[in-house]
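# Topology and contacts: notes
Below are the chains, spelled out letter by letter.
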Amino acid sequence: MPLWGLFRRTRRLPAIRTGEWEQARREGRSLEEQQRWQRRYLQDVPYALPKDEAEIDRLNFQHYALMSVQKQHIIAPLEDYPRAILDVGCGTGLWAREVGQRYPLCRVVGVDVEPPERLPTVPANVDYVYGDVLKGLPFAENSFDLVHQRLLILAVPAQSWPQVLGELLRLARPGGWLQLTEAGMYFNRPGPSSARLRDLVNRAIAGWGFDPLIALNLPALLAQAGAVAVEKRTYGVLMGEAGGQGGRLLEKDMLAVMSALTERVAAFMPVEEWRELLASLPEEWRTYGTEFEFHVTVGRKPLR
């Protein structure tokens, strides 16, 4: 049995609900308003976003938004048909499932602190297992032709990135590839609300112990970890209708992420002011032709 077959049993971490929901309940607000703030967060892991049904839905349309812009799942220049691929922080599992469908003879493993449970169909060559990259993953070194990781800016503390990249390189086979997709508050042609949002969120992210510029810093960090042939691609999409399907989905995703951070951002500004800022964004994006960027960094593990 392959090593990953030993780890198929999932593990659910304890979770907490937000304090704002408790406040809404105490104040006797409507059930609908109470439920709006009843977000579920994981304990024992430094993940700033919720882990609940609403977040599952957001991650799904975020996946389709990125795919509509990126056009392909694998950017790294694999030379041969892959035998094993690892998706670290696999979230809802869509990327791993679709890659498994594309490469039916390749074993694809998705690993997460809370592996997906509600995918209706999963190819036989795809497994989902529990694992925390901050604590080390349960796989032997040199196991995978490609190690993929996407959008963990709010899950990996700034000081942990060198350790994480070292772990990902450990798992790649000699000559194998890492592919890392990250985004931050990177806008082209921002209006005043977008610029304010960028500055506020970057300050908040740094205050929470994460690196708001990790998408820009990854190439240097990956090279320092020992990777070779490191390159970064930048993808931009117009926000909203002007950006087609990708723009519509990314606008929805951006607003959902910012809404999910409402209570955490409340330490920096009043909640109502934050909501007004979010409400002003779609019209401003249309007016200014604002474009959002995300970055894909690839690097190869040396043959020796």
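In the block above lies the structure referred to throughout.
Residues numbered from 1 in each chain as written. Predicted model: local features only at pLDDT ≥ 70, side-chain atom pairs only at ≥ 80, totals over all residues. Heavy atoms only, no water.

Here we take up the packing of aromatic side chains. Considering all chains together, one arrives at 5 aromatic pairs under this definition. Note on Phe139 and Phe144: the rings are 5.4 Å apart at their centroids and 90° apart in plane angle, and the pair reads as edge-to-face. Between Tyr235 and Phe294, the aromatic rings sit 5.4 Å apart at their centres with planes inclined by 10°, giving stacked as the arrangement. Of this pair, Tyr235 sits in strand E8 (residues 228-238) while Phe294 sits in strand E9 (residues 291-300), placing them 59 residues apart in sequence. Across this residue pair, the class does not change: Tyr235 and Phe294 are buried. Here the aromatic cluster, defined as three or more aromatic residues joined through ring pairs, consists of Phe187, Trp285 and Phe292. (Phe/Tyr/Trp six-rings, centres within 6.5 Å; stacked < 30°, edge-to-face > 60°. Helix = DSSP H or I, 4+ residues; strand = E, 2+ residues; numbered from the N terminus. Buried < 20%, exposed > 50% of the residue type's maximum accessible area, 1.4 Å probe, protein only.)

What follows covers the pattern of salt bridges. Opposite charge on two side chains allows them to pair when their charged atoms are near. Throughout the structure, instances matching the rule amount to 10 salt bridges. Across the salt bridge formed by Glu283 and Arg286, the nearest N and O atoms sit 3.0 Å from each other. Of the two residues, Glu283 and Arg286 are both situated in helix H10 (residues 271-288); the distance of 3 residues between them amounts to about one turn of the helix. Residue class for Arg286 comes out partly exposed when judged on its relative accessible area of 49%. Among the charged side chains, a salt-bridge network with shared partners connects Arg83, Asp145 and Arg173. (Salt bridge = Lys/Arg side-chain N within 4 Å of Asp/Glu carboxyl O.)

Between helix H5 (residues 161-171) and helix H7 (residues 214-225), whose axes approach to 10 Å, the crossing angle comes to 60°. Comparing their axes, H7 and H5 come out oblique. Where H5 crosses over H7, the two elements pack in a sense that is right-handed. For the pair formed by H5 and H7, the contact residues are Trp161, Leu165 and Leu169 on the first element and Ile214, Leu218, Leu221, Leu222 and Ala225 on the second. Per-class residue counts for the contact of H5 with H7 are 8 nonpolar, no polar and no charged. (Axes fitted to C-alpha atoms, helices over the stretch in contact; angles between N-to-C directions. Parallel < 35°, antiparallel > 145°, perpendicular 65-115°, else oblique. Left-handed = near helix turned anticlockwise from the far one by under 90°. Contact = heavy atoms within 4.5 Å. Nonpolar A, V, L, I, M, F, W, Y, C, P; charged D, E, K, R; others polar.)

Turning our eyes to something else, we now look at unusual backbone geometry. Notably, Lys71 is not glycine yet its phi reads approximately 75°, a positive angle. By secondary structure assignment, the location of Lys71 is in the loop between helix H3 (53-70) and strand E3 (84-88). You can call Lys71 exposed: its relative accessible area is 69%. In this structure, Arg189 is a non-glycine residue whose phi angle is positive, near 55°. Looking at the secondary structure, you find Arg189 in the loop between strand E7 (172-188) and helix H6 (192-207).

With respect to topology, 7 strands assemble into an open sheet ordered E5-E4-E3-E6-E7-E9-E8, the strand pairing being mixed. Sheet topology places strand E5 (126-130) and E8 at the edges, where each strand pairs with a single neighbour. Averaged over all adjacent pairs, the angle separating strand axes in this sheet is 20°, with direction ignored. Strand direction decides the pairing type here: strand E4 (residues 107-112) and E5, joined by 5 bridges, are parallel. Each bridged residue has a counterpart across the sheet, and for Val109 the counterpart in E5 is Asp127. (Pairing = 2+ DSSP bridges.)

What follows is about the side chain of Thr297. Along the chain, Thr297 falls in strand E9. Classification of Thr297 by relative accessible area gives buried; the value is 0%. Look past the residues within four positions of Thr297 in its chain and what remains in contact with it is Leu178, Gln179, Leu180, Ala215, Leu218, Pro219, Leu222, Val230, Glu231 and Lys232.

Summarising the element assignment, Gly131 is placed in the loop between E5 and strand E6 (144-150). The buried category is assigned to Gly131, whose relative accessible area is 7%. For Gly131 and Val113, which are 18 residues apart along the polypeptide, the C-alpha to C-alpha distance reads 5.4 Å. Setting aside residues no more than four positions away along its own chain, Gly131 makes contact with Val111, Asp112, Val113 and Leu137.

Turning our eyes to something else, we now look at H5. Of the positions making up H5, those classed as buried are Trp161, Val164, Leu165, Glu167, Leu168, Leu169 and Leu171. Contacts from the buried residues of H5 go to E3, E6, E7 and H7.

Taken N-terminus to C-terminus, the directions of helix H8 (residues 244-260) and H10 make an angle of 170°; their axes are 11 Å apart at the nearest point. On the basis of the axis angle, H8 is roughly antiparallel to H10. Along its contact with H8, which presents Glu251, Met254, Leu255, Met258 and Ser259, the element H10 presents Trp274, Leu278, Leu281, Pro282 and Trp285. Classifying every residue of the contact of H8 with H10 gives 8 nonpolar, 1 polar and 1 charged.

Looking now at the environment of Gln163. By secondary structure assignment, the location of Gln163 is in helix H5. Take Gln163: its relative accessible area is 42%, and that puts it in the partly exposed class. Each C-alpha atom, one on Gln163 and one on Leu134, is 7.7 Å from the other, the two residues being 29 residues apart in sequence. Discounting residues that sit within four places of it in the chain, Gln163 has contacts with Val133, Leu134 and Lys135.

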